[in-house]
Amino acid sequence: MNSVDSKPATSSLIGSEADSQRTLYPYVTGTSVVGIKYKDGILLAADMGGSYGSTLRYKSVERLKPVGKHSLIGGSGEISDFQEIMRYLDDLILSDNMWDDGNSLGPKEVHNYLTRIMYNRRNKFNPLWNSLVLGGVKNGQKYLGTVNMIGVHYEDNHVATGFGNHLARPLLRDEWHENLTFEEGVILLEKCMRVLLYRDRSAVNKLQIAKITEEGVTISPPYALKTFWNFSAFENPTLGAEGSW
Amino acid sequence: MLEDEELLVKMSREAMEMPPKGGFSFDLCKRNDMLVKKGLKEPSFLKTGTTIVGLIFKDGVILGADTRATEGPIVADKNCEKIHYMAPNIYCCGAGTAADTEAVTDMVSSQLKLHRYHTGRESRVVTALSLLKSHLFSYQGHVSAALVLGGVDVTGPHLHTIYPHGSTDTLPFATMGSGSLAAMAVFESKYREGLTRDEGVKIVSEAICSGIFNDLGSGSNVDICVITQGEKEYLRNHMLPNPRTYISEKGYTFSKKTEVLRTKITPLTEMVEVIEGGDAMEE
């Protein structure tokens, strides 16, 4: 007894009836990651917030992780997908080590691997809902690149994900230059993270800065930025304009 | 007699059914909803590209704007003026639909002038603010004008932002438009209290340049307006960071000209009627 199938035509294009396993929207998300090249290597910064919609659910999410000997990854977007990506990368590094041939995967190779994963998932309409920053140093060559959930990838002297593109990139375009020292790099990153803290609603004031050089990876312990809220215009904003805010 | 009374009651009942004067009339909402369900595409509002900023410094207010007017993907006007005159001591930057910002600022500027004649006093920024916000609110966001209003009056320097739906903010520094995030990044990292005029102008220029170079909807030049107690400086095209380069030094010549075979000049006979003591042209 067949009645007219009322399912919309699009579902047959996107996937079989049995797949309710496609990512439709993210649930627990991390906000921007900002990365810059400096004199000795790469610096990455990300805060430690995991938002569940508009609630700030998790406040100790580590979004910066080392990958192998030569790379550092920062992930924004769906946290569970980022954890899945870390599993893929761990398998990749493990297989690479098992060869025991004296070669190790550098940041360029890892970036390419990530790009392939992200793009292939996107083509199956089941993306990993992330924007990733991949940085590293191998044989003196610094590398900093980014991939996002649709597979768009590029490398540059400074990259950012999410809101960082709108708020941090303008600052970096103005103030980044070759051969920043470590201290200058940290100051620049903190400046970007502070603006993001003020103007991104999903930012938290608990961040980590990670450094990768030829010697290895260092991820700082979490700390908070100093903020300033005492502008005199904020004290009594409606003094001259009763009823506004 | 009875019929007249009935008529009167009927007429007064009809009069009561009319919507009360003032306030927003929601009569057409049901019909609009029905049309949308039938497939009518509601007119969306145009967010035309712009970067406009304002900041309060030690002695007054500095307003800044880019000069690009876009029509979709095309630059319609490379050097338009986005800082509008409201009163001798009040200026207003406008983002959004250009016609809306022009019309609304012109209208409130006229109202302020009439008010000045009526009261005999300098206009206050909160007056302009109230006139603008009540006009925009009554149009429920359909007048797509996002404004940065700044000026100095007897009560001091003021800076406000006004959104298309009619809400306002009072701020020490503000940005609006598609380039607002790029400009706000500069403000948030560089603004402090008690800036001098030159420092303020420098920060405003940097913020607008950040919008010009990082936002596709903004471009061309930087306009600045500095307002202090009793005086204002309108710096049109204060910075031109996008000059035309690579102009060919040789100039352009067209090698092959059209050959002139024959020249014949035929003067036209003149017919002129001279009216003695004629009237001036009537308008």
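Everything below is about the structure printed above this text.
Described below are features of the structure shown in this document. Since the model is a prediction, treat every value here as computed from it, not as a measurement.

### Observations concerning the interface of chain B and chain A
Contacts between the two partners involve 26 residues from chain B, matched on the other side by 22 residues from chain A. Both faces considered, chain B and chain A share a buried interface measuring about 1900 Å² in area, 63% of it formed by carbon and sulfur atoms. Summed over the shared surface of chain B and chain A, the number is two salt bridges. A salt bridge links A:Arg199 to B:Glu188, with the nearest nitrogen and oxygen atoms 2.8 Å apart. The tally of links between chain B and chain A comes to three residue pairs in polar contact (both at pLDDT 80 or more). Broken down by element, the residue count for the side of chain B that touches chain A peaks at eight residues, all from helix H5 (residues 180–190) of chain B.

### Looking at empty space enclosed by the protein
Residue and element names in this part refer to chain A. Inspection of the entire model under this criterion finds one cavity of 30 Å³ or more. Estimated volume of the largest cavity: approximately 80 Å³. Lining the largest cavity are 13 residues, with Asp47, Met193, Leu196, Ala203 and Val204 sitting closest to its centre. If you tally residues by element for the lining of the largest cavity, the top one is helix H5 (residues 182–199), at three residues. Taken together, the residues of the lining of the largest cavity break down into seven nonpolar, three polar and three charged.

### Observations regarding the packing of helix H4 (residues 164–175) of chain A against H5(B)
For any two helices packed against each other, the geometry comes down to the angle between their axes and how far apart the axes lie. Put simply, H4(A) and H5(B) touch, their axes get as near as 8 Å, and they point 65° apart. Taken together, the axes of H4(A) and H5(B) lie roughly perpendicular to each other. Where H4(A) crosses over H5(B), the handedness of that crossing is right-handed. Of H5(B), the residues touching H4(A) (which contributes A:His166, A:Leu167, A:Pro170, A:Leu171 and A:Glu175) are B:Leu181, B:Ala182, B:Ala185, B:Val186, B:Ser189 and B:Lys190. Taken together, the residues of the contact of H4(A) with H5(B) sort by class into seven nonpolar, two polar and two charged.

Cut-offs and rules
Residues numbered from 1 in each chain as written. Chains lettered and ligands numbered in written order. Predicted model: local features only at pLDDT ≥ 70, side-chain atom pairs only at ≥ 80, totals over all residues. Heavy atoms only, no water. Contact = heavy atoms within 4.5 Å. Buried area = accessible area lost by both parts, 1.4 Å probe. Salt bridge = Lys/Arg side-chain N within 4 Å of Asp/Glu carboxyl O. Polar contact = N/O pair within 3.5 Å; in protein donor to acceptor, adjacent residues only side chain to side chain. Helix = DSSP H or I, 4+ residues; strand = E, 2+ residues; numbered from the N terminus. 1 Å grid on protein atoms, 1.4 Å probe; cavity = no way out; pocket = protein on both sides within 12 Å on 5 of 7 lines; lining within 4 Å. Points joined across faces, edges and corners; volume = space filled by probe spheres on them. Nonpolar A, V, L, I, M, F, W, Y, C, P; charged D, E, K, R; others polar. Axes fitted to C-alpha atoms, helices over the stretch in contact; angles between N-to-C directions. Parallel < 35°, antiparallel > 145°, perpendicular 65-115°, else oblique. Left-handed = near helix turned anticlockwise from the far one by under 90°.

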